[in-house]
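The primary structure of each chain is shown beneath.
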Amino acid sequence: MTTFASGTTASNSKDGLTRDALTVLQPGFTGTTAPDWLLRRLGEGLASVGLFGRNIASPDQLAALTAQLRVERDDVLVAIDEEGGDVTRLEVRTGSSFPGNHALGAVDDVALTEAVALELGRRLAACGVNLNWAPSADVNSNPANPVIGVRSFGADTDLVARHTAAYVTGLQAAGVAACTKHFPGHGDTAVDSHHALPRIDADLSVLQSRELVPFRAAIAAGSRAVMSAHILVPALDPDRPATLSRRILTGLLREELGYDGLIVTDGMEMQAIAATYGIERGSVLAIAAGADAICVGGGLADDDTVRRLRDALVSAVRAGELPEERLADAANRVRALAEWTAAASAIPKASPAASASVVISRTNGLNSSNASNSLGGTDGTSGTGGVNATGGTAGASGLNGTGGTAGTDSSDSSDSSDSANRSNASGGTGGASDVGLIAARRALTVTRSASYTPLTGAPYVAALTPVANIAVGDETPWGVAAELARLLPGTETGSFTGVDAGSSALAAAGARPLVAVVRDEHRHPWMATALDTLLASRPDTVVVEMGVPQSAPRGALHIATHGAARVCGRAAAEVIAGE
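So, here is what we can say about the structure in this document. (Residues numbered from 1 in each chain as written. Predicted model: local features only at pLDDT ≥ 70, side-chain atom pairs only at ≥ 80, totals over all residues. Heavy atoms only, no water.)

On to the overall build of the chain, then. Check the secondary structure of the chain and you find 18 helices and 15 strands. Here the chain, with 579 residues, has 63% of them falling under the buried criterion. The contacts in the chain between residues at least 6 apart in sequence include a share of 73% that link residues at least 24 apart. Total accessible area on the chain stands at roughly 19400 Å², and carbon and sulfur atoms take up 52% of it. (Helix = DSSP H or I, 4+ residues; strand = E, 2+ residues; numbered from the N terminus. Buried < 20%, exposed > 50% of the residue type's maximum accessible area, 1.4 Å probe, protein only. Contact = heavy atoms within 4.5 Å. Areas by Shrake-Rupley, 256 points an atom, 1.4 Å probe, with all protein chains shown as cover.)

Another point: the pattern of salt bridges. Under the counting rule described, the total for this entry stands at 38 salt bridges. The salt bridge partner of Asp109 is Arg442, with a shortest N-O separation of 3.2 Å. Of this pair, Asp109 sits in the loop between helix H4 (101-107) and helix H5 (110-126) while Arg442 sits in helix H14 (residues 435-443), and the two are 333 residues apart along the sequence. Residue class for Asp109 comes out buried when judged on its relative accessible area of 10%. Between Arg307 and Asp311 there is a salt bridge, with the nearest N and O atoms lying 3.7 Å from each other. (Salt bridge = Lys/Arg side-chain N within 4 Å of Asp/Glu carboxyl O.)

Our focus in this paragraph is the nonpolar core. Of all hydrophobic cores here, the largest spans 110 residues; its most connected members are Leu25, Leu51, Leu69, Trp133, Phe183 and Val264. In terms of residue count, helix H12 (residues 324-345) provides more of this core than any other element does, eight residues in total. Residues in contact with Leu69, not counting those within four places in the same chain, are Ala34, Leu38, Leu39, Leu42, Val49, Val76 and Val78. In this structure, Val515, Ile559, Val567 and Ala577 belong to the second largest nonpolar core, which totals 30 residues. (Core = buried A, V, L, I, M, F, W, Y, C linked by side-chain atoms within 4.5 Å.)

According to the stated counting rule, one finds zero disulfides in the structure shown. Summary of cysteine pairing: Cys179 is not part of a disulfide, and the nearest cysteine sulfur, belonging to Cys295, is at 8.4 Å. On the basis of relative accessibility, which here comes to 0%, the residue Cys179 falls in the buried class. A relative accessible area of 6% places Cys295 in the buried class. (Disulfide = S-S within 2.5 Å.)

What follows covers the packing of aromatic side chains. Under the criterion given, the structure shown has four aromatic pairs. Sitting above the plane of the Trp478 ring, Arg519 keeps its charged end 4.7 Å from the centroid. (Phe/Tyr/Trp six-rings, centres within 6.5 Å; stacked < 30°, edge-to-face > 60°. Lys NZ or Arg CZ within 6 Å of the ring centre and 35° of its normal.)

It is worth spelling out unusual backbone geometry at this point. That bond from Ala134 to Pro135 is cis: its omega, 10°, falls within 30 degrees of zero. For Pro135, the location among the structural elements is in the loop between strand S4 (131-132) and helix H6 (157-173). Put simply, Phe183 and Pro184 share a cis peptide bond, and its omega is 5°. With respect to the helices, strands and loops of the structure, Pro184 is situated in the loop between strand S5 (177-183) and helix H7 (204-220).

On to the side chain of Ser223, then. Of note, Ser223 is situated in the loop between H7 and strand S6 (225-228). The buried category is assigned to Ser223, whose relative accessible area is 5%. Beyond its immediate stretch of four places on either side in the chain, Ser223 contacts Val168, Gln172, Ala178, Cys179, Thr180, Ala218 and Tyr259.

Here we take up the packing of H5 against H6. At a minimum axis separation of 7 Å, H5 and H6 run at an interaxial angle of 35°. Once H5 is placed against H6, the crossing between them reads as right-handed. Counted together, Val110, Thr113, Glu114, Ala117, Leu118, Leu120, Gly121 and Leu124 of H5 and Arg162, His163, Ala166, Tyr167, Thr169, Gly170, Leu171 and Ala173 of H6 form the full contact between these two elements. Considered class by class, the residues forming the contact of H5 with H6 number nine nonpolar, five polar and two charged. (Axes fitted to C-alpha atoms, helices over the stretch in contact; angles between N-to-C directions. Left-handed = near helix turned anticlockwise from the far one by under 90°. Nonpolar A, V, L, I, M, F, W, Y, C, P; charged D, E, K, R; others polar.)

Moving on: the packing of helix H1 (residues 16-23) against H12. In contact at an axis separation of 9 Å, H1 and H12 are set at 55° when each is read in the N-to-C sense. Relative to H12, the element H1 lies oblique. The element H1 and its partner H12 pack so that their crossing is left-handed. Residue-level contacts link Leu17, Arg19, Asp20, Ala21 and Thr23 of H1 to Glu324, Leu327, Ala328, Ala331, Val334 and Arg335 of H12. When its residues are assigned to classes, the contact of H1 with H12 shows six nonpolar, one polar and four charged. (Parallel < 35°, antiparallel > 145°, perpendicular 65-115°, else oblique.)

The subject of this paragraph is the sheet that holds strand S3 (residues 77-80). Pairing within the open sheet is parallel, and its six strands lie in the order S2-S3-S4-S5-S6-S7. Two strands close off the open sheet at either side, each with one partner strand: strand S2 (48-51) and strand S7 (262-264). (Pairing = 2+ DSSP bridges.)

Here it is, written out as structure tokens:
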């Protein structure tokens with residue numbers, strides 16, 4: 001049975017109120033094929049489905065799954081949380097082919113960001129996905145933030161704004177609707193909303209000049225959806241979190257910022273809402289506040305959840321707690337987005353090669369500004385396409401040129417022995433399919449001692465492993481060991497955590513060259529202590545920081561990748577091995 005964007009269904013449909021209640025839900029499910037209950041709900045009016053890593057085994061399987069959904073409802077919105085970088089669902093078992101926002105912000109080339117988003121969107125569209133819960137427009141103003149971090153383009157408001165707009169433009173050029181998040185800004189929090197309700201105590205002037213600026217840019221770029229944050233912002237609403245606040249969703253986002261697209265909630269099963277209001281009451285309050293779609297299914301992924309939320313919305317309307325017109329308006333906005341995605345999918349897209357050529361022409365000869373992100377010395381001049389080198393000069397070689405001569409920390413003597421161009425290291429041509437690796441290479445910030453020489457023998461990789469936040473998940477591999485093993489056969493690795501991590505890693509490494517991989521060293525005192533232990537005994541240790549590089553660089557070679565995507569690990573491994 002096919003359901004059309006108007007909301008009309010076959011003869012066994014529920015009444016209009018029940019259909020609207022189903023239409024505003026974005027549930028998940030388990031398995032790699034659609035369960036019978038989900039197909040039945042699509043026939044009854046459900047208009048959206050959310051996908052997670054558990055639903056994806058391969059591109060072909062995902063395409064078959066989305067085709068299965070569209071047999072039942074041809075205009076279904078198929079949503080996914082595919083940020084690239086650390087947060088990937090398409091490549092949950094291997095790591096992403098695209099660096100995340102922080103790496104793109106480190107390069108600070110909006111043409112590159114747009115190209116990455118375009119290629120990611122192209123891959124999503126090819127698999128039948130038409131709504132991406134991305135990008136994150138949060139300004140990472142609090143370095144201790146446990147849930148945003150490398151998911152943000154950075155701590156500079158204007159940088160985040162211009163890259164948010166570029167990402168929205170690229171993604172939607174592929175026919176995939178962007179869902180810019182987490183409104184009104186989750187960057188200045190020290191609590192993960194998956195676990196509790198964060199609070200941002202910034203005053204209104206700070207919020208206007210910092211948090212809201214990237215969302216204004218996203219709206220100007222035409223972002224088709226915006227996701228709300230489960231955060232309390234007393235300057236905007238002292239009583240209710242943003243997801244449940246009419247002052248924030250309607251008064252600020254709709255009326256003050258002039259946004260007219262779809263407003264989606266963050267996952268309602270997150271403890272910031274579930275533990276305080278409950279998912280049923282929370283969903284009713286969210287729709288009443290101005291949200292149009294209820295995201296649920298990361299943790300609750302069954303028919304009972306859909307039934308409970310549907311019935312809660314219907315009961316609230318019948319009890320006079322939720323205006324029927326508000327629910328109908330929300331449902332119509334969902335259908336309007338479905339119409340946009342259908343129209344966008346029918347528009348011929350530029351070929352990936354053509355898109356890559358445009359990016360190359362826009363980046364050749366331009367100065368990259370990400371040298372300002374270098375650590376531990378006087379910044380050098382970083383040419384487009386070069387590895388950022390602290391205190392050194394990186395060659396200009398366009399999108400295909402990702403090497404550059406890497407300089408040294410200012411406390412060490414200069415070393416200009418690196419190749420000026422590693423463009424052929426991957427055997428690729430620099431086309432759209434390589435854009436993720438190209439971006440990851442350009443995002444590196446490299447600091448080396450005068451005595452460092454690339455490794456030629458197989459090292460031991462000690463991964464100092466923190467607990468992953470829920471958004472990232474613990475199923476996705478990270479680090480440099482797999483890529484180093486490809487370049488230096490015989491590479492071995494181990495994972496270490498806690499107070500004895502340093503001594504345990506030393507014992508495991510023995511006399512082999514040692515590579516220590518960290519993730520947000522500045523947030524984990526045990527990790528910093530472990531590095532102290534390693535470097536005291538082995539000053540020749542290579543250190544790879546795959547989180548936000550807040551701590552000063554140290555070690556014989558220090559590489560900041562600005563994210564833990566698989567391509568970030570590959571780019572770092574190439575430098576370690578002198579490729």
